[in-house]
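Take a look at the letters that make up each chain.
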Amino acid sequence: MSDSAGVAPMTKVNDEEQFNTEQYGNIVENSFLAANQNPLSTFSIDVDEAAYSNVRRFIQNGTIPPKGAVRLEEMINYFDYDYAPPQNDDPFAVHTEIAACPWNEKHRLVHIGLKGKEIAAEKLPPANLVFLVDVSGSMDQPDKLPLVQSSMKLLTDQLRENDKVAIVVYAGAAGLVLPSTSGNNKTKIKAAIDNLEAGGSTAGAAGIQLAYTIAKENFSENGNNRVILATDGDFNVGTSSDDELVRLIEEERKSNIFLTVLGFGTGNYQDNKMQQLADKGNGNHAYIDNLDEAKKVLVKEFGSTLFTIAKDVKIQVEFNPAKVQSYRLIGYENRVLQKEDFNDDKKDAGELGAGHTVTALYEIIPVGVHDEFTGKVDALKYQTTPVINNDLTNEMLTIKLRYKKPTGDESKLIVHPVSDENISIENTSDNFRFSAAVASFGMLLRNSAYKQNTSYEEVIALATNAKGKDINGYRTEFISLVETASALPVAKK
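What counts and how
- Each chain carries its own residue numbering, running from 1 in the written order of its sequence.
- Per-residue local features are limited, in this predicted model, to residues with pLDDT of at least 70; the limit for side-chain atom pairs, both in listing and counting, is 80 or more; totals at the level of whole chains, interfaces and linings are taken over all residues.
- The basis for every side-chain value is the complete set of non-hydrogen atoms in the structure, without hydrogens or water.
- Only DSSP runs of H or I reaching four residues or more are called helices, and only runs of E reaching two or more are called strands; each is numbered from the N terminus.
- When accessible area is computed with a 1.4 Å probe and restricted to protein chains, residues below 20% of their type maximum are described as buried, those above 50% as exposed, and intermediate ones as partly exposed.
- In this analysis, two residues are considered to be in contact whenever any of their non-hydrogen atoms come within 4.5 Å of each other.
- Every accessible area reported is derived by Shrake-Rupley at a probe size of 1.4 Å, with residue values counting cover from the shown protein chains alone.
- The convention is simple: Lys and Arg are positive, Asp and Glu are negative, and His and the chain ends are not counted.
- The location of each charge is read from NZ of Lys, CZ of Arg, CG of Asp or CD of Glu.
- Pairs of N or O atoms are called polar contacts if they sit within 3.5 Å, as long as, within protein, a hydrogen donor faces a hydrogen acceptor (for residues adjacent in sequence, only side-chain-to-side-chain pairs).
- Should a side-chain nitrogen of Lys or Arg be within 4 Å of a carboxyl oxygen of Asp or Glu, the pair is scored as a salt bridge.
- With a 1 Å grid spanning the protein atoms alone, the term cavity applies to any set of points in which a 1.4 Å probe fits but cannot get out, the term pocket to an open set with protein on both sides within 12 Å along at least five of seven lines, and the term lining residue to any residue with an atom within 4 Å of a point.
- Grid points are joined across faces, edges and corners, and a volume is the space filled by probe spheres set on the points.
- Charged means Asp, Glu, Lys or Arg here, nonpolar means Ala, Val, Leu, Ile, Met, Phe, Trp, Tyr, Cys or Pro, and polar covers whatever is left, Gly included.
- To get an axis, fit a line to the C-alpha atoms, keeping to the stretch in contact for a helix; angles then go from 0 to 180 degrees between the N-to-C directions.
- Orientation labels follow simple angle bins: below 35 degrees gives roughly parallel, above 145 gives roughly antiparallel, 65 to 115 gives roughly perpendicular, and whatever is left gives oblique.
- Crossing handedness is defined as follows: a turn of the near helix away from the far one that is anticlockwise and smaller than a right angle gives a left-handed crossing, while the clockwise case is right-handed.
- Relevant arc is that of directions from the helix axis to the C-beta atoms, nothing else.
- Here, a strand pair is defined by DSSP locating no fewer than two bridges between the strands.
- What a helix should span is 1.5 Å times the count of its residues minus one.

> Go over the overall build of the chain with me, naming the residues and quoting the values.
Looking only at helices and strands, one finds 12 helices and 18 strands in the chain. Each of the three principal axes of the chain carries a C-alpha extent, and together these read 65 × 50 × 50 Å. Considering the chain as a whole, with its 493 residues, one finds that 56% of them fall into the buried category. Long-range pairs, those at least 24 residues apart, make up 79% of the contacts in the chain with a sequence separation of at least 6. Of the roughly 20,500 Å² of accessible surface on the chain, 46% is carried by carbon and sulfur atoms. Across the chain, the centroid of the 50 positively charged side chains sits 2 Å from that of the 69 negatively charged ones.

In structure tokens, the structure reads:
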């Protein structure tokens, strides 16, 4: 049975029980908040996808994942959604839908979708990449360094003549294996990749510092400057505490060098540490459990993974208390911001890649519907209840977004009011229904207090009717995964 958050279950290697030191952070689910007392909900976007592929790995191995591994926003955003791209100069378009909530028909579900501007591969800015590869002893397993090498070769095949890549490795010490080399010299790059060997302890901080130094030395003005870290996250020599590593990454991100964190392996995978590094390093986090996943992240999603078109993207939703009794943001627990952070351009937030989609869901309890979730607060003694602007009662909410250009320091504001057109779920888009199915599945895996009337059968039915084109088969795979999970013991904690 899975732990509620921290350490994953025992695993078997060659039919022998192995102690599992995988680490996951604790997630306290977002609760319902009263709209008249908390009208603003503020959070950073999240383009990480690691949680879904990691959850898939657990289920395919026959176990329910630890609750801390199930981050709903990452599961939802693993999948592409068919949103129209922007038609103006903004780097992304905003799309919304509201309909009945599948797991409680008296509630409403709000679907918010962002679609990044698509840029053809040949028109992407030149890339200055530094592979930072963990070659410590813990990486000496088939699903670690050998898979890293295969993944790096896939990415190398995508490089153009004006792109360049260097390779830094770290174990007991950090070293430069390949100086910055043109993407046209693929033979030299692949030879350096093939020569990587695992052994020694893990001095992750020294490797990070050297990688950023190399990236700065080869900095490409108006280009894409990025460190790509490939590791199981098990740093144990030098600066290794989460706080120290996070401070190091926060300092380095000021140089406008982005970070991609690719997680590999089982048994000692440090998910919580990897997520923090990506979040604080102006970057993204993916978990590579097989070569197909490497192809998805580094080939099919090459532009969205590695080319940032907008940074520090924040969302603030104002709910109309004439329509909304209470609301709950589904997922994004690690991305919630204070309301004041929205207008603070010094506050870090998530990045959006070329062509990327980002999806967020809110569950709403409308005015007049029985609310069994929201805690009650006594009336205030020194203040009166704010007067509602009845001229705007047709609007259910207003979405505000802020973003900066990849090298900019000043944010731009987008405002998007939304009304409830009383659409039935049958008349919603595949985007709406499929994202709701993934959210339902995540709540079941977490045994969420908010899962209400959802079930594995409902998830399968909802997803089956929302597969859409499914060119790569990811949605079909999801349905199969739900079927497998439904036969496993449900986590009780």
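> Just give me the short version of the side chain of Ser326, but keep the residues and values in it.
With respect to the helices and strands, the residue Ser326 is situated in strand 14 (residues 324–330). Residue Ser326 is classed as buried on the basis of its relative accessible area, which comes to 0%. Here Asp371 takes part through its side chain, which lies 3.0 Å from a polar atom of the side chain of Ser326. A distance of 3.0 Å separates polar atoms of two side chains, one belonging to Ser326 and the other to Thr374. Ignoring any residue separated from it by four or fewer positions in sequence, one finds Ser326 in contact with Phe32, Leu33, Ala34, Ala35, Glu363, Ile364, Ile365, Asp371 and Thr374.

> Residue-level account of the pattern of salt bridges, with values.
By the definition in use, this model includes 23 salt bridges. Note that Asp194 is salt-bridged to Lys153, the shortest N-O span being 2.5 Å. Taken together, the residues Asp194 in helix 4 (residues 186–194) and Lys153 in helix 3 (residues 145–156) connect sequence positions 41 residues apart. Given the relative accessible area of 44%, Asp194 is considered partly exposed. Given the relative accessible area of 26%, Lys153 is considered partly exposed. Arg160 is paired through a salt bridge with Asp163; the nearest N and O atoms lie 2.8 Å apart.

> Talk me through unusual backbone geometry; I want residue IDs and the actual numbers.
Located in the positive-phi region is Tyr332, a residue other than glycine, with phi close to 65°. Tracing the sequence through the fold places Tyr332 in the loop between strand 14 and strand 15 (350–353). Since its relative accessible area comes to 1%, Tyr332 is described here as buried. Notably, Asn447 is not glycine yet its phi reads approximately 50°, a positive angle. Turning to its location among the elements, Asn447 is positioned in the loop between helix 10 (430–445) and helix 11 (456–464).

> Break down empty space enclosed by the protein for me, citing the residues and quoting the values.
Summed over all chains, the structure comprises four cavities of 30 Å³ or more. Taken as a whole, the largest cavity encloses approximately 80 Å³ of empty space. Lining the largest cavity are Val47, Asp48, Glu49, Asn284, His285, Ala286, Val297, Glu301, Thr305 and His356. A total of three residues in the lining of the largest cavity trace back to one element, the largest contributor, which is strand 12 (residues 283–288). Considered class by class, the residues forming the lining of the largest cavity number three nonpolar, four polar and three charged.

> Go over the packing of helix 10 against helix 11, please, and point to the residues and values.
Direction vectors running N to C along helix 10 and helix 11 enclose 160°, while the axes themselves pass 8 Å from each other. Comparing their axes, helix 11 and helix 10 come out roughly antiparallel. Regarding helix 10 and helix 11, the two cross each other, and that crossing is left-handed. Here Arg433, Phe434, Ala436, Ala437, Ser440, Phe441, Leu444 and Leu445 of helix 10 come into contact with helix 11, specifically with Tyr456, Val459, Leu462 and Ala463. Within the contact of helix 10 with helix 11, the residues separate by chemical class into 10 nonpolar, one polar and one charged.

> Please provide a residue-by-residue account of the environment of Gly137, values included.
Mapped onto the fold, Gly137 is located in the loop between strand 7 (127–134) and helix 3. When its relative accessible area of 33% is taken as the criterion, Gly137 is described as partly exposed. A C-alpha to C-alpha distance of 37 Å links Gly137 and Val438, two positions 301 residues apart in sequence.

> So what about helix 11? Which residues, and what values?
Among all positions in helix 11, only Tyr456, Val459, Leu462 and Ala463 are buried. Projected onto a plane normal to the axis of helix 11, the buried residues spread over an arc of 130° and lie on a single side.

> Break down the sheet that holds strand 3 (residues 33–34) for me, citing the residues and quoting the values.
An order of 3-14-16-6-5 is seen for the five strands of this open sheet, with the pairing classed as antiparallel. With partners counted over all chains shown, the strands left at the sheet margins are strand 3 and strand 5 (92–101), one partner each. Alignment of strand 5 against strand 6 (residues 104–116), held across 10 bridges, turns out to be antiparallel. In the strand pairing of strand 6, His95 is matched with Gly113.

> Please set out the sheet that holds strand 10 (residues 224–231) residue by residue, giving values where relevant.
Neighbouring strands of a sheet are bound in pairs by backbone hydrogen bonds; such pairs are parallel or else antiparallel. As summarised here, the arrangement of the six strands in space is 9-8-7-10-11-12, forming an open sheet in which the pairing is mixed. The open sheet has two edge strands with one neighbour each: strand 9 (174–182) and strand 12. Sheet twist, expressed as the mean angle between neighbouring strand axes with direction ignored, is 15°. Judged from the six bridges that link them, strand 10 and strand 11 (residues 258–264) form a sheet pairing that is parallel. Bridged to Val227 within strand 11 is Leu259. Against the sheet, helix 4 touches strand 8 (164–170) and strand 9, its axis set at about 165° to strand 9.

> Hey, could you go over helix 10 for me, with residue numbers and the actual values?
For helix 10, with 16 residues, the first-to-last C-alpha span of 23 Å sits near the 22 Å given by 1.5 Å per residue. A large share of helix 10 lies buried, amounting to 15 of its 16 residues. Taken from the residues just after helix 10, Asn447 is the one with a positive phi, measuring 50°.

Keep in mind that these numbers describe shape and distance, not what the molecule does.
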